[in-house]
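What the coordinates show
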Amino acid sequence: MSIEKVNAMLAQLQALEQAAALGQGSGVNAPSTNSSPDGVDFKTILKNAVAEVSNAQNTAQAKVQAFSTGDSSMSLEEVMVSLQKANISFQGMLAVRNRLIDAYKDVTNLQV
């Protein structure tokens with residue numbers, strides 16, 4: 001998962017949070033659509049990001065298995081880099097998940 005995608009998701013979360021705050025103060029409901037004005041669908045972005053993290057972990061696991069079975073084309077450095085990429089991707093996804101949970105809690109605590 002790239003930094004740009006994480007930043008895009010965080011920007012969308014902040015926009016949703018601001019929309020929820022505006023809806024609370026003025027009695028106006030937040031928009032009920034899942035896409036932003038430029039046609040980007042948050043659900044699709046999140047789904048793709050989860051798939052990328054899963055692919056990174058599967059790739060790292062395959063490289064670990066290949067190295068442990070003695071595959072001469074797999075170097076220890078390549079395995080370690082792959083594991084670190086998978087770990088960083090997973091940590092980024094956890095951060096996004098935590099932000100989503102916080103945003104959900106904020107929205108559920110809004111007074112109508």
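This is a predicted model, so every value here is computed, not measured.

The rules behind each value
Residues numbered from 1 in each chain as written. Predicted model: local features only at pLDDT ≥ 70, side-chain atom pairs only at ≥ 80, totals over all residues. Heavy atoms only, no water. Helix = DSSP H or I, 4+ residues; strand = E, 2+ residues; numbered from the N terminus. Buried < 20%, exposed > 50% of the residue type's maximum accessible area, 1.4 Å probe, protein only. Axes fitted to C-alpha atoms, helices over the stretch in contact; angles between N-to-C directions. Parallel < 35°, antiparallel > 145°, perpendicular 65-115°, else oblique. Left-handed = near helix turned anticlockwise from the far one by under 90°. Contact = heavy atoms within 4.5 Å. Nonpolar A, V, L, I, M, F, W, Y, C, P; charged D, E, K, R; others polar. Expected span 1.5 Å × (residues − 1). Polar contact = N/O pair within 3.5 Å; in protein donor to acceptor, adjacent residues only side chain to side chain. pLDDT = per-residue confidence, 0-100.

Here the focus is the overall build of the protein. For the protein, the count of helices and strands is three helices and zero strands. Start at the N end of the protein and walk to the C end: the helices and strands fall as α-α-α. The buried share of the protein, reckoned over its 112 residues, is 20%.

This part covers the packing of helix H2 (residues 42-68) against helix H3 (residues 76-108). Following both chains from N to C, one finds H2 and H3 inclined at 150 degrees, their axes separated by 9 Å at the closest point. Looking at the two axes, H2 sits roughly antiparallel to H3. Crossing of H2 over H3 shows left-handed handedness. Contacts between H2 and H3 involve Phe 42, Leu 46, Ala 49, Val 50, Val 53, Ala 56, Gln 57, Thr 59, Ala 60, Lys 63, Val 64 and Phe 67 on the former and, on the latter, Leu 76, Glu 78, Val 79, Ser 82, Leu 83, Ala 86, Ser 89, Phe 90, Met 93, Val 96 and Leu 100. Considering only residue class, the contact of H2 with H3 consists of 17 nonpolar, four polar and two charged.

The end-to-end C-alpha distance of H2, which contains 27 residues, comes to 39 Å, matching closely the 39 Å that a straight helix rising 1.5 Å per residue would cover. If you check which residues of H2 are buried, you get Phe 42, Ile 45, Ala 49, Val 53, Ala 56, Ala 60 and Ala 66.

Here we take up the side chain of Ser 82. Take Ser 82: it is sitting in helix H3. Apart from the residues lying within four places of it in its own chain, the contact partners of Ser 82 are Thr 59, Ala 60 and Lys 63.

Attention now goes to the environment of Thr 69. Tracing the backbone through its elements, the reader meets Thr 69 in the loop between H2 and H3. Looking at Thr 69, its side chain comes within polar contact range of the main-chain oxygen of Ala 66, at 2.9 Å.

Per-residue confidence for the protein averages 80 on the pLDDT scale, and 72% of its residues sit at or above 70. In the model of the protein, helix H1 (residues 3-26) stands out as the element of lowest mean pLDDT, 64, in contrast to H3, which has the highest, 92. Note on residues 24-33: pLDDT under 50 across the span, and five contacts to partners over four residues away in sequence or across chains.

A few words on the environment of Thr 59. By the secondary structure assignment, Thr 59 is in helix H2. You can call Thr 59 partly exposed: its relative accessible area is 39%. Between the alpha carbons of Thr 59 and Leu 83 there is a distance of 8.7 Å; along the sequence they are 24 residues apart.

This next bit is on the environment of Leu 10. Of note, Leu 10 is situated in helix H1. As for Leu 10 and Val 96, which are separated by 86 residues in sequence, their C-alpha atoms are 7.4 Å apart.

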